[in-house]
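# Summary of structural features
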Amino acid sequence: MARPVTTIEDLRVIAKRRVPKMFYDYADSGAWTESTYRANQADFAAIKLRQRVAVDMRDRTLATTIAGQPASMPVALAPTGLTGMQHADGEILAARAAEKAGVPFCLSTMSICSIEDVAEHATKPFWFQLYVMRDREFSSSLIARAKAAGCSALVLTVDLQILGQRHKDIVNGMTAPPKLTVKNILDMAIRPRWSLGMLGTQRRTFRNLVGHAKGVSNLSSLSSWTAEQFDPALSWDDVKRIRDEWGGTLILKGILDPEDAEKAAETGADSIVVSNHGGRQLDGAVSSISALPDIVSAVGNRIEVLMDGGVRSGQDVLKAVALGAKGVMIGRAFLYGLGADGEAGVTKCLDIIRKELDVTMALCGHRDIRNVGREILVPGTLPS
Ligand code: FNR
C-alpha cells in the first residue's frame with residue numbers, strides 16, 4: 001500500500017518522480033547559487049512559536065479577506081509560469097482546486113492555458129498576473145482580456161525587469177518549446193502519467209501570447225520574443241499608468257525593500273506582496289520572511305501587506321500572519337501537488353496547509369486568524 005501523503009514534502013517527492021526532470025527542475029530551482037531560495041525556507045524554520053495551554057480552542061476560524069476579497073484561509077495560489085508543464089491543463093486544474101478550497105488563484109502571463117481557457121472552466125473570478133512588457137499595446141491587450149474574463153484583481157509583478165539566471169534550466173535545455181535532446185525524450189518517456197498530459201500541453205502552449213506577439217510565427221521565436229519583452233526601463237510612472245488602465249484591485253508583487261514599499265504605497269495599489277520571486281531573481285537577496293517586519297512597520301498602516309517565498313506549511317502561514325502579512329501566496333507547494341496528482345494534488349496541498357494552520361493556531365492559543373499577532377512568536381527567534 002502506498003504511504004499516505006501527509007506533508008508538502010511528500011508531494012514534492014512524488015512530483016519529482018512523475019514530472020520530467022527539466023520541468024521539475026524549472027519549478028524547484030532558484031537563481032545562481034540558490035542561497036536566497038534556501039533562505040526563504042530556512043528563515044521560516046528559525047522562528048519559534050509560543051505554546052499556550054488552557055485556553056478555549058473551540059470554534060476556530062481561518063476565514064479572512066485578501067485584497068478585499070473573501071478567502072477561507074489567508075492563502076492564495078501564486079502566479080507561476082508554464083504551470084501546464086507540471087501537468088496537462090495545469091492552470092485550469094489549479095484554478096478549480098483553489099475555487100473548491102475558497103482561496104484565490106492567480107494566472108501568470110507566462111501560463112500555458114490562456115486567460116480565456118481558465119475563464120471557460122472557472123466558476124469564480126480569478127486573478128491575473130501581468131509582467132510589464134516593452135510592447136505597451138500587448139500589455140494593454142492582456143489587461144483588456146483580463147477585464148473581459150472578469151478577473152477580480154491584477155497582480156503586477158515588478159521584480160522581473162530582466163531575468164535572473166537559473167543554472168539548472170540551462171543545463172536541462174529548458175526552453176519553450178523544450179529542447180528535444182535524446183536525454184530529454186528518454187526522460188519524458190519514462191514518466192507515463194505525464195506523457196499523456198503532454199498532448200494536452202502542446203494543444204495549449206503559451207496561449208496568452210500566441211497570436212498576439214508581433215512578427216512571431218512559431219514557438220521558438222515566440223519564446224525569444226517573450227524573453228526580450230520584459231521591460232528593463234520599468235518605472236513607478238509605468239505602475240501608475242497600469243493602475244489607471246486596469247482601474248480595479250491592484251496588487252504589486254516583488255517588493256523586498258522598505259524604501260520600495262513606500263513608493264509602492266504611493267501608487268495607490270491595494271496590496272503589495274513582499275517577495276523575491278521565490279529566490280529566482282536576485283540571488284543573495286534577503287529571504288521574504290525576514291524582509292516582512294520592516295516593510296510592515298514602514299507601510300503596514302497604509303497598504304495591505306502580503307508575502308510569498310518559502311511557504312511549505314500551515315505553520316509558515318501562521319508565522320507570516322503573526323509578522324503582519326494579511327495573507328501569503330504559495331508557489332512551489334501547489335506545483336508539487338499538481339505534478340504529483342493534478343487537481344487532487346493541489347487540493348491535497350491546500351488541505352495539508354489548512355489543517356496545519358488550524359491546529360498550530362489553536363496550540364498557540366488563538367481561535368481567529370484575524371487576531372493573530374507577534375505575541376505568538378518567541379522574540380529572540382525573529383528575523384532581525
Ligand atoms: C514563479 N513565480 C512567478 N511570479 C510571477 O509573478 N509570474 C510568473 O510567471 C512566475 N513564474 C514562476 C514559475 C515558477 C516555476 C515558480 C516556482 C515561481 C514566482 C511566484 O509567483 C512566487 O513568488 C514564488 O513561487 C513564491 O515562492 P515559493 O512559494 O515557490 O517558495
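Residues numbered from 1 in each chain as written. Predicted model: local features only at pLDDT ≥ 70, side-chain atom pairs only at ≥ 80, totals over all residues.

The name an unreviewed UniProt entry assigns to the protein chain is Alpha-hydroxy acid oxidase, from the organism Antarcticirhabdus aurantiaca.

### As for the sheet that holds strand 8 (residues 271-274)
Hydrogen bonding along the main chain pairs the strands of a sheet, whether they run parallel or antiparallel. This is how the line gets drawn: Here the rule is simple: two strands pair whenever DSSP picks up at least two bridges between them. For the purposes of this entry, the term helix denotes a DSSP run of H or I that reaches at least four residues, the term strand denotes a run of E that reaches at least two, and both are numbered from the N terminus.
On the basis of which strands lie adjacent, the open sheet formed by eight strands has the order 3-10-9-8-7-6-5-4 and parallel pairing. Strand pairing shows two members of the sheet lacking a second neighbour, strand 3 (75-77) and strand 4 (106-107), which therefore form its edges. The pairing of strand 3 with strand 10 (residues 327-330) spans three bridges and is classified as parallel. Note on strand 10: the bridge partner recorded for Leu77 is Ile330.

### A closer look at the pairing of strand 6 (residues 153-157)
Selection rule: Exposure is read from a count of other C-beta atoms within 10 Å of each residue's own; the residue is exposed at 12 or fewer, buried at 20 or more and partly exposed in between. C-beta atoms are placed from the backbone.
By the criterion of burial, strand 6 is predominantly enclosed, with five of the five residues buried. Side chains of strand 6 alternate between two faces, with Ala153, Val155 and Thr157 and Leu154 and Leu156 buried alike. Direction of pairing for strand 5 (residues 127-131) relative to strand 6: parallel, over a ladder of five bridges. Across the sheet, residue Trp127 finds its bridge partner in strand 6, namely Ala153.

### A short note on the pairing of strand 10
For clarity, the cut-off: By convention, a crossover is right-handed whenever its connection, traced from the first strand over the helix to the second and viewed with the strands pointing away, goes clockwise.
Burial along strand 10 is two-sided: Gly327 and Met329 facing one way and Val328 and Ile330 facing the other are all buried. Pairing between strand 9 (residues 304-308) and strand 10: three bridges, direction parallel. Of the residues in strand 10, the one forming a bridge with Met307 is Val328. At this point the chain moves from strand 9, through helix 14 (residues 314-322), to the parallel strand 10, and the crossover so formed is right-handed.

### What about the environment of Pro70?
Along the chain, Pro70 turns up in strand 2 (residues 69-71). Residue Pro70 is classed as exposed on the basis of its C-beta count, with 11 C-beta atoms lying within 10 Å.

### Comments concerning the environment of Gly300
Counted only if it meets this: What counts as a contact here is a pair of residues whose C-beta atoms, placed from the backbone, lie within 7 Å.
As for its position among the elements, Gly300 is in the loop between helix 13 (288-299) and strand 9. Classification of Gly300 as partly exposed rests on a count of 17 C-beta atoms within 10 Å. Between the C-alpha atoms of Gly300 and Arg193, which are 107 residues apart in sequence, the distance is 45 Å. When residues no more than four places from it in sequence are discounted, the contact partners of Gly300 are Val305 and Gly324.

### Observations regarding the packing of helix 1 (residues 8-18) against helix 15 (residues 332-363)
How we decide: For every element, the axis is a line fit to its C-alpha atoms; helices are fit only across the contacting stretch, and the angle between N-to-C directions ranges from 0 to 180 degrees. The cut-offs work like this: below 35 degrees is roughly parallel, past 145 is roughly antiparallel, 65 to 115 is roughly perpendicular, and the gaps in between are oblique. Two helices crossing with the near one rotated counterclockwise from the far one by less than a right angle form a left-handed crossing, whereas a clockwise rotation gives a right-handed crossing. Amino acids are sorted into nonpolar (Ala, Val, Leu, Ile, Met, Phe, Trp, Tyr, Cys and Pro), charged (Asp, Glu, Lys and Arg) and polar (every other residue, Gly among them).
Following both chains from N to C, one finds helix 1 and helix 15 inclined at 165°, their axes separated by 10 Å at the closest point. Judged by the inter-axis angle, helix 1 sits roughly antiparallel to helix 15. Both helix 1 and helix 15 take part in a crossing whose hand is right-handed. For the pair formed by helix 1 and helix 15, the contact residues are Ile8, Leu11, Arg12, Ile14, Ala15 and Arg18 on the first element and Ala333, Tyr336, Gly337, Gly339, Ala340, Gly345, Lys348, Cys349 and Ile352 on the second. Per-class residue counts for the contact of helix 1 with helix 15 are nine nonpolar, three polar and three charged.

### Focus: unusual backbone geometry
Phi at Trp32 is positive, roughly 45°, even though this residue is not glycine. A count of 17 C-beta atoms within 10 Å places Trp32 in the partly exposed class. The phi angle at Asp89 is positive, at roughly 55°, despite the residue not being glycine. Looking at the element boundaries, Asp89 is found in the loop between strand 3 and helix 4 (90-101).

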